[in-house]
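Residues per chain are reported as follows:
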Amino acid sequence: MLIESKRFNFTSVEQVIADYFLGKNPPLSIDELSKKVAVSPASITRFSKKLNLNNYKELIFLYQLSFAHSEQERPISTSIAASYHALATTSDQQYKPEVITKFCQAIHEKKLIHYWGLGFNSYAGMDLQFRFARLGKYIQVISDNNSIAMSAHFIEKEDLVIVASQRGEDCHLEESMRLAKEKGCEVLLITANRKSQLIPHSHHVLVAPELSEEEALGQISPQIPMLIQLDMIYSQYVQLYETTIRQWVESEQILTDKHK
């Protein structure tokens, strides 16, 4: 309740710390928590003081006490909302405008765009395909390793490949990316794995939020982190190429009116 009461006064970094505690995660030392949520120990100390506590030890004491006194589980809606909020906050912290712009420029300049994604990554690609179709861009979603391998063999230098892989671990996908890059095709990657084996085979990398163990087990839809990144690409694209988009929409409207 103390953390919730101060929530609207937190910075984006403090929101990440708050999400950890509101998710009823195990108590950790300040160094362990720092590594877990990727913030500095100093930020955690400032977070504690913002709660009007003397230090982090006092925060942990109260946090452990709350476990002992609470027999009721938090409402499911609160847990889910906290997970979504954590993903959104992490995306905001990791936001790299220059990388998003590179993605937008590549999509704008290329005529044929191949989207490679397996499993839930392909579902996110279908959403991207639908949205960009309304802007006059054709995106081909390919969602199995055999079709991706075939696409890599027939790909041309003028094409664009966007690879979406949350885990960033797939030797078949790695080989297809390697082949596409060797052919001179621009390859873009979206992944949550900063040490992914796919990174060396891409020109630009967009880092998505990583799912926690609970989230990965299905607490929330696994394509959400990928959808957040694709939403940012789409929004930036609309801003960058507003005039071009308007002209395309107007020309489409003229053709539609002629066939009525």
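This text goes with the structure placed above it.
Being a predicted model, the structure only gives us computed values, none of them experimental.

Caption draft 1: Examining the pattern of salt bridges more closely. Scanning the entire structure with this criterion turns up six salt bridges. The closest approach of N and O atoms between Glu14 and Lys50, which form a salt bridge, is 2.9 Å. With Glu14 in helix α2 (residues 12-22) and Lys50 in helix α4 (residues 41-50), this pair connects stretches of sequence that are 36 residues apart. Here Arg178 ties to Glu182 by a salt bridge, and the two come within 2.5 Å at their closest N and O atoms. With a gap of four residues between them, Arg178 and Glu182 both fall in helix α10 (residues 171-182), about one helical turn apart. Relative accessible area serves as the criterion here: at 56%, Glu182 is assigned to the exposed category.

Caption draft 2: Spatial organisation of the packing of aromatic side chains. Throughout the structure, instances matching the rule amount to seven aromatic pairs. Plain terms: the ring middles of Tyr20 and Phe21 are 5.8 Å apart, the flat faces sit at 90 degrees to each other, and that makes the pair edge-to-face. Phe21 carries the same exposure label as Tyr20, and that label is buried. Ring pairing ties together the aromatic residues Phe10, Tyr20, Phe21, Phe47 and Tyr63, which thus form one cluster. Taking the ring centre of Tyr234 as reference, the NZ or CZ of Arg131 above it sits at 4.1 Å.

Caption draft 3: Inspection of the side chain of Asp170 at higher detail. Relative to the helices and strands, Asp170 is located in the loop between β3 (160-164) and α10. Arg167 is the oppositely charged side chain nearest to the buried, salt-bridge-free Asp170, at an N-O distance of 9.4 Å. Polar side-chain contacts of Asp170 include one of 2.7 Å to the backbone nitrogen of Leu173. Leave out the neighbours within four places in its chain, and Asp170 touches Leu118, Asn145, Gln197 and Leu198.

Caption draft 4: Local environment of empty space enclosed by the protein. For the structure on display, the rule yields one cavity of 30 Å³ or more. Its boundaries defined by the atoms lining it, the largest cavity holds a volume of some 30 Å³. Residue lining of the largest cavity: Ser91, Gln94, Tyr95, Lys96, Ile100, Leu206, Val207, Gln229 and Met232, and that is the complete set. Every element with two or more residues in the lining of the largest cavity is listed here: α6 (76-94), β5 (204-207) and α12 (224-240). When the residues that make up the lining of the largest cavity are grouped by side-chain class, the tally is five nonpolar, three polar and one charged.

Conventions and cut-offs
- Residues numbered from 1 in each chain as written.
- Predicted model: local features only at pLDDT ≥ 70, side-chain atom pairs only at ≥ 80, totals over all residues.
- Heavy atoms only, no water.
- Salt bridge = Lys/Arg side-chain N within 4 Å of Asp/Glu carboxyl O.
- Helix = DSSP H or I, 4+ residues; strand = E, 2+ residues; numbered from the N terminus.
- Buried < 20%, exposed > 50% of the residue type's maximum accessible area, 1.4 Å probe, protein only.
- Phe/Tyr/Trp six-rings, centres within 6.5 Å; stacked < 30°, edge-to-face > 60°.
- Lys NZ or Arg CZ within 6 Å of the ring centre and 35° of its normal.
- Lys, Arg positive; Asp, Glu negative; His and termini not counted.
- Polar contact = N/O pair within 3.5 Å; in protein donor to acceptor, adjacent residues only side chain to side chain.
- Contact = heavy atoms within 4.5 Å.
- 1 Å grid on protein atoms, 1.4 Å probe; cavity = no way out; pocket = protein on both sides within 12 Å on 5 of 7 lines; lining within 4 Å.
- Points joined across faces, edges and corners; volume = space filled by probe spheres on them.
- Nonpolar A, V, L, I, M, F, W, Y, C, P; charged D, E, K, R; others polar.

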